[in-house]
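Architecture and fold: a report
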Amino acid sequence: MTTTDRGRALPRQEGPALPRYLREPAERRTPLAYPGYRSTALRAPLRTPVDLPHRLTEVTGPLLGEDLVTPADADLTLRMGGEAQGQRIIVFGRVLDSDGRPVPDALVEVWQANAAGRYRHVVDNWPAPLDPHFDGLGRVMTDSLGRYEFTTVKPGAYPWGNHHNAWRPAHIHFSLFGRAFPQRLVTQMYFPGDPLFAQDPIFTSIPAAARDRAIGTFDLDRTQPDWALAFRWDIVLRGAEQTPFETEDDGDVA
Amino acid sequence: MSSDYVSPQVRGAVEGNDRRPGTPRRGSGFLDEPLRLGLTPSATVGPYLAIGLTWPDGPFAVAEGTAGAVWLRGRVTDGNGDLVPDAMIETWQVDPDGHVDHPDAPPGPGPVPGFRGFGRSSTAEPAGEYGILTLKPGRVPDGQGGLQAPHVDVSVFARGLLDRVVTRIYFGDEPEANAEDVVLRSLPEADRQTLIATPTQDGYRLDIVLQGDRETVFFAV
Ligand SMILES: [Fe+2]
């Protein structure tokens, strides 16, 4: 792996053990294509993906963060010199891997519509008001225990053109890197009991057994009296097995 | 958060493994064991990704002005051959010496100064086209006693993709390395060509075809 090694065939130079990131069975993963979500028809690849073994490029990943994120990025309700309109909420939880291990010091990027269901984006022009004090962008780092927390307003539902009278349930977009390339996740958090779930193909594209995992839980303990409601959402990224290589030197690392 | 709280993720954990205090589930260590906690399902990045995912230095996997830096560019098209102007490309790679700054990388020197290894580009401007400034990666072991050809791992996100899709960029001016690469070797010639970027004046070009006859090879990672 050093410069001088290049060009020579060197077995197992990746170290004594490489993590191998586990994959959820297909029946519990969101499929790439879903007939009810029309935009998938021309965008989702049709061919079966080729298995890619996890080598150095795959077991590593960008560890972005601290220098990019300020404390103000965790409060979406205070922007451009004033307070956002809407129901103030705290969204918090833990980022874990599937072994229950916390994912510390990890960047969490979020974006959302305002309380009226309008995004501050050139493509979003449905007749709901923009809020001069809401830009819909948040960034936080998980702490040493994988915990994250931000303050925002509850996003509104919004219409879209997928089918007649289609509405997206209220949701917050999340983007996470975890610590390695296979853990990369872009997803959406929903709110409990939303009556719009059944007609939303982006929600129903999630296999039924996994839909609960996309919905935050109201947490009375974490509400702040006279201030904010609270929703908890734990996010689970793919876990890894340390797979020992069969080298004599390093035979005891497993 | 209250200590007795059990989240739906933990409640829904797969039964059958031993339970150790303080952790939801423990596995036996075999790869075919069920996952202990159910994964959070992916969702589309949607049309408004620019709000949350734009960084001023996003396209720069290496600092501007770095000697030897190259632009990786290409178009993203859909099953009709139309440009996809609302996608996002992310790249991840080692540096020219095969180094990367990460706790799971083998011990040794870090990457060259100013090398982040990660790039993120929208396809909004010019419409349908991505651009990442980076250094050409070095070769790293393939786990079978050989070396992989220089490659960049790529994620594509877009409205209409309910999960990211993953591909690789290889380099057209590395014919010998490409011929030895275990991943490329496993593919039919026509498929292999969908992964190999063409040298240009300032770097390399590789178009990404999401769907259709000339569909890019995508990987399950
Ligand atoms: Fe949205």
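Residues numbered from 1 in each chain as written. Chains lettered and ligands numbered in written order. Predicted model: local features only at pLDDT ≥ 70, side-chain atom pairs only at ≥ 80, totals over all residues. Heavy atoms only, no water.

Going by what an unreviewed UniProt entry lists, chain B is known as Protocatechuate 3,4-dioxygenase subunit alpha and is assigned to Goekera deserti. UniProt's Sequence similarities (unreviewed entry) comment on chain B is quoted here verbatim: "Belongs to the intradiol ring-cleavage dioxygenase family." (UniProt positions renumbered as here; feature names shortened; annotations may be inferred.)

As annotated in an unreviewed UniProt entry, chain A is Protocatechuate 3,4-dioxygenase subunit beta from Goekera deserti. Turning to chain A, the UniProt record has this under Sequence similarities (unreviewed entry): "Belongs to the intradiol ring-cleavage dioxygenase family."

Of the regular secondary structure elements, chain B holds 5 helices and 10 strands. Of all 221 residues assigned to chain B, the portion counted as buried reaches 58%. The long-range share in chain B, meaning contacts at least 24 apart out of those at least 6 apart in sequence, stands at 64%. Surface exposure of chain B reaches about 8800 Å², of which carbon and sulfur atoms provide 50%. (Helix = DSSP H or I, 4+ residues; strand = E, 2+ residues; numbered from the N terminus. Buried < 20%, exposed > 50% of the residue type's maximum accessible area, 1.4 Å probe, protein only. Contact = heavy atoms within 4.5 Å. Areas by Shrake-Rupley, 256 points an atom, 1.4 Å probe, with all protein chains shown as cover.)

It is worth spelling out the overall build of chain A at this point. When its secondary structure is counted, chain A shows 2 helices and 16 strands. Of the contacts formed within chain A by residues at least 6 apart in sequence, a portion of 72% connects residues at least 24 apart.

Residues and elements named next belong to chain A. Strand order in the open sheet formed by 4 strands is E7-E6-E11-E12, and the pairing between neighbours is antiparallel. One side of each edge strand has no neighbouring strand; the edge strands of this open sheet are strand E7 (137-141) and strand E12 (185-190). On average, each strand axis in the sheet is inclined to that of its neighbour by 25°, with strand direction left out of account. (Pairing = 2+ DSSP bridges. Axes fitted to C-alpha atoms, helices over the stretch in contact; angles between N-to-C directions.)

Residue and element names in this part refer to chain A. Bridge count for strand E5 (residues 88-97) against strand E14 (residues 229-232) is 4 bridges, and the pairing is parallel. Residue pairing for E14: Val 91 is matched across the bridge by Phe 231. In this structure, strand E13 (residues 217-218) lies alongside E14, joined through 2 bridges in antiparallel fashion. Each residue of the ladder has a partner; that of Phe 218, found in E14, is Phe 231.

Let's shift gears to the coordination of the iron ion. Residue and element names in this part refer to chain A. Taken together, the protein donors to the iron ion comprise Tyr 119 (OH), Tyr 158 (OH), His 171 (NE2) and His 173 (NE2), at separations of 2.0 to 2.2 Å. Metal-centred angles of 91 to 160° between the 4 donor atoms at the iron ion mark the site as irregular. Donor residues binding the iron ion come from one chain and are separated in sequence as Y-x38-Y-x12-H-x1-H. Remark: His 173 occurs in strand E11 (residues 171-176) and Tyr 158 occurs in strand E9 (residues 158-160); sequence separation between them is 15 residues. Its relative accessible area of 6% is what places Tyr 158 among the buried residues. (Donors = N, O, S within 2.8 Å, 3.2 Å for Na, K, Ca; no water. Tetrahedral: all angles 85-135°; square planar, octahedral: opposite > 155°, others 65-115°.)

Glancing now at the packing of aromatic side chains. How two aromatic rings sit relative to each other is set out by the distance from centre to centre and by the angle between their planes. Enumeration over the complete set of coordinates arrives at 17 aromatic pairs over all chains. A ring pair is formed by Phe 177 of chain A and Phe 118 of chain B, whose centres lie 5.2 Å apart and whose planes are at 90°; its orientation type is edge-to-face. You can see Phe 177 of chain A sitting in the loop between E11 and E12 and its partner Phe 118 of chain B sitting in strand E3 (residues 118-122), one on each of two chains. In this pair, the class of Phe 177 of chain A matches that of Phe 118 of chain B, namely buried. A centroid spacing of 5.8 Å and a plane angle of 70° characterise the contact between Phe 60 of chain B and Trp 71 of chain B, whose relative ring orientation is edge-to-face. (Phe/Tyr/Trp six-rings, centres within 6.5 Å; stacked < 30°, edge-to-face > 60°.)

Turning our attention to unusual backbone geometry. Across the junction of Glu 125 of chain B and Pro 126 of chain B, the peptide omega takes the value -10°, indicating a cis bond. Along the polypeptide, Pro 126 of chain B turns up in the loop between E3 and strand E4 (129-134). Of note in the backbone geometry, Met 80 of chain A takes a positive phi value of approximately 55° without being a glycine. Within the fold, Met 80 of chain A resides in the loop between strand E3 (78-79) and strand E4 (82-83).

UniProt's entry tags residues 91-119 of chain A with the feature "domain: Intradiol ring-cleavage dioxygenases" (unreviewed entry), counted in the numbering of this structure. Helix makes up 0% of residues 91-119 of chain A and strand 45%, with an end-to-end C-alpha separation of 19 Å.

For the rest of this paragraph, the subject is the interface of chain A and chain B. Chain A puts 101 residues into the contact, and the matching count from chain B is 92 residues. Contact between chain A and chain B buries roughly 8800 Å² in total, counting both sides, with carbon and sulfur atoms accounting for 60%. A salt bridge links Arg 184 of chain A to Glu 90 of chain B; the nearest nitrogen and oxygen atoms lie 2.7 Å apart. Counting across the chain A and chain B interface gives 37 residue pairs in polar contact (both at pLDDT 80 or more). By residue number, the principal contributor to the side of chain A that touches chain B is E5 of chain A, which donates 5 residues. (Buried area = accessible area lost by both parts, 1.4 Å probe. Salt bridge = Lys/Arg side-chain N within 4 Å of Asp/Glu carboxyl O. Polar contact = N/O pair within 3.5 Å; in protein donor to acceptor, adjacent residues only side chain to side chain.)

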